[in-house]
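As a plain string of letters, each chain reads:
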Amino acid sequence: MPDQATAATTLPPVSLWRRGVNNLVTVAAVGAVILVLLPLGIIFGYLVYKGIGSINIAFLTQTPKPVGEVGGGMANGIAGSALILSIASIMGVPIGIGAGIYLAEYGRNRLGNVIRFTADVLNGVPSIVIGIVAYAIVVLTQKSYSALAGGVALAIMMIPTIARTTEEMLLLVPHNVREAAYGLGVSRWRTTLSITLRTATSGVITGVMLAFARVAGETAPLIFTAFGNNFWNWKLNQPTGALSLQIYYYATSPFDDWHRQAWAGALILIVLIVAAVSAVRIAANYGTLKGAN
């Protein structure tokens with residue numbers, strides 16, 4: 001009996017071919033990761049090289065100087081981007097998550113197929129087209145460029161990404177979880193909000209952050225909607241500066257000082273996006289949202 005047990009638990013030696021294939025695939029996987037990270041590292045490193053020298057207190061606290069004068073900053077653009085992105089998130093995140101919940105829980109019908117098709121098409125529509133649509137809907141109605149119009153344009157871009165990601169994350173929740181709640185007498189809507197959505201919170205947040213990161217650096221829609229402003233503005237119905245807009249205007253100008261500030265603004269934009277996404281992920285994993293994971 002001991003001999004039989006020993007023979008049964010003794011594994012044959014791994015062949016040289018299998019070990020070679022395993023090592024080859026491992027190297028290929030590591031190489032793929034490096035190829036993905038390498039462009040990001042090069043871009044970020046070049047931004048740091050070109051832009052770090054122009055970042056100072058004045059750049060972060062002052063508005064742009066008149067044309068031809070050296071100095072000034074992009075503080076109004078940073079504040080304007082925060083305002084526009086807040087408007088976009090307030091409008092886009094609830095609608096996107098709500099659409100995703102409908103598609104996952106109630107959308108196995110013709111209407112759901114239409115919504116999925118529409119979301120997929122919107123994901124592929126050029127941002128400049130969405131800017132023109134927002135211009136026709138909001139700017140022409142208000143008869144003025146505004147932060148609200150910029151927020152509407154970016155919200156339209158956020159909604160399909162959030163909706164489709166939310167749907168996929170909710171579908172990953174095992175159906176047994178829903179059945180257990182139904183067996184305890186919990187209503188369907190309450191099961192969806194309190195159990196299914198709560199279980200998929202981490203994935204839903206990831207979708208929201210992907211949508212946020214996508215629109216945070218958009219310029220084309222804001223040219224038709226927010227338009228830009230070299231001064232402070234907190235009114236929703238007035239033209240508003242944005243960091244991406246100022247980077248575009250500065251980069252296409254003939255002034256060397258503005259070119260340097262454009263590099264600095266691009267670096268600040270990347271850092272702010274990474275910081276915002278990281279902060280939400282940390283909050284989701286270790287902070288107030290930890291219990292939802």
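Cut-offs applied
- Residues numbered from 1 in each chain as written.
- Predicted model: local features only at pLDDT ≥ 70, side-chain atom pairs only at ≥ 80, totals over all residues.
- Heavy atoms only, no water.
- Salt bridge = Lys/Arg side-chain N within 4 Å of Asp/Glu carboxyl O.
- Helix = DSSP H or I, 4+ residues; strand = E, 2+ residues; numbered from the N terminus.
- Buried < 20%, exposed > 50% of the residue type's maximum accessible area, 1.4 Å probe, protein only.
- Core = buried A, V, L, I, M, F, W, Y, C linked by side-chain atoms within 4.5 Å.
- Contact = heavy atoms within 4.5 Å.
- pLDDT = per-residue confidence, 0-100.
- Phe/Tyr/Trp six-rings, centres within 6.5 Å; stacked < 30°, edge-to-face > 60°.

Draft legend 1. A look at the pattern of salt bridges. Evaluation of the coordinates by the stated rule reveals 5 salt bridges. For Arg 164, the salt bridge identified is with Asp 120, shortest N-O distance 3.1 Å. Of this pair, Arg 164 sits in helix α7 (residues 147–171) while Asp 120 sits in helix α5 (residues 110–124), placing them 44 residues apart in sequence. Taking relative accessible area as the criterion, Asp 120 reaches 40% and is therefore assigned partly exposed. Residues Arg 164 and Glu 167 are paired through a salt bridge, measuring 2.6 Å at the closest nitrogen-oxygen approach. Taken as a pair, Arg 164 and Glu 167 lie in helix α7 at a separation of 3 residues, close to a single helical turn. With relative accessibility at 21%, the residue Arg 164 sits in the partly exposed group. We classify Glu 167 as buried; its relative accessible area is 2%. A cluster of three or more residues bridged by salt bridges with shared partners is formed by Arg 116, Asp 120, Arg 164 and Glu 167.

Draft legend 2. Spatial organisation of the nonpolar core. Judged by nonpolar contacts, the single largest core of 47 residues is most densely connected at Ile 84, Ile 97, Leu 154, Met 158, Ile 162 and Leu 222. Mapped by element, the contributors of at least two residues to this core are α4 (75–105), α7, α10 (201–216), α12 (243–251) and α13 (256–286). Sequence-distant contacts of Met 158, that is, excluding residues within four places in its chain, are made with Ala 88, Ser 89, Val 93, Ala 211, Phe 212 and Val 215.

Draft legend 3. Focus on unusual backbone geometry. Non-glycine residue Lys 143 carries a positive phi angle of around 60°. Within the element layout of this structure, Lys 143 appears in the loop between α6 (127–142) and α7.

Draft legend 4. Broad picture of the confidence of the model for the chain. This prediction gives the chain a mean pLDDT of 88; 94% of its residues lie at or above 70. Helix α1 (residues 2–9) is the least confidently modelled element of the chain, averaging 54 in pLDDT, while α7 averages 95, the highest of any element. Taken together, the stretch residues 287–293 has pLDDT below 50 and engages in 17 contacts with residues farther than four places along the chain or on a different chain.

Draft legend 5. Structural detail: the packing of aromatic side chains. This structure, assessed with the given rule, holds 8 aromatic pairs. Arranged with centres 5.5 Å apart and planes meeting at 55°, the rings of Tyr 248 and Tyr 249 form a pair that is tilted. With a relative accessible area of 33%, Tyr 249 lands in the partly exposed category. Aromatic side chains Tyr 250 and Trp 258 sit 4.4 Å apart centroid to centroid with 10° between the ring planes, which places their arrangement in the stacked category. The two residues Tyr 250 and Trp 258 agree in class, both being buried. By the ring-pair criterion, three or more aromatic residues cluster together here, those being Tyr 46, Tyr 49 and Trp 263.

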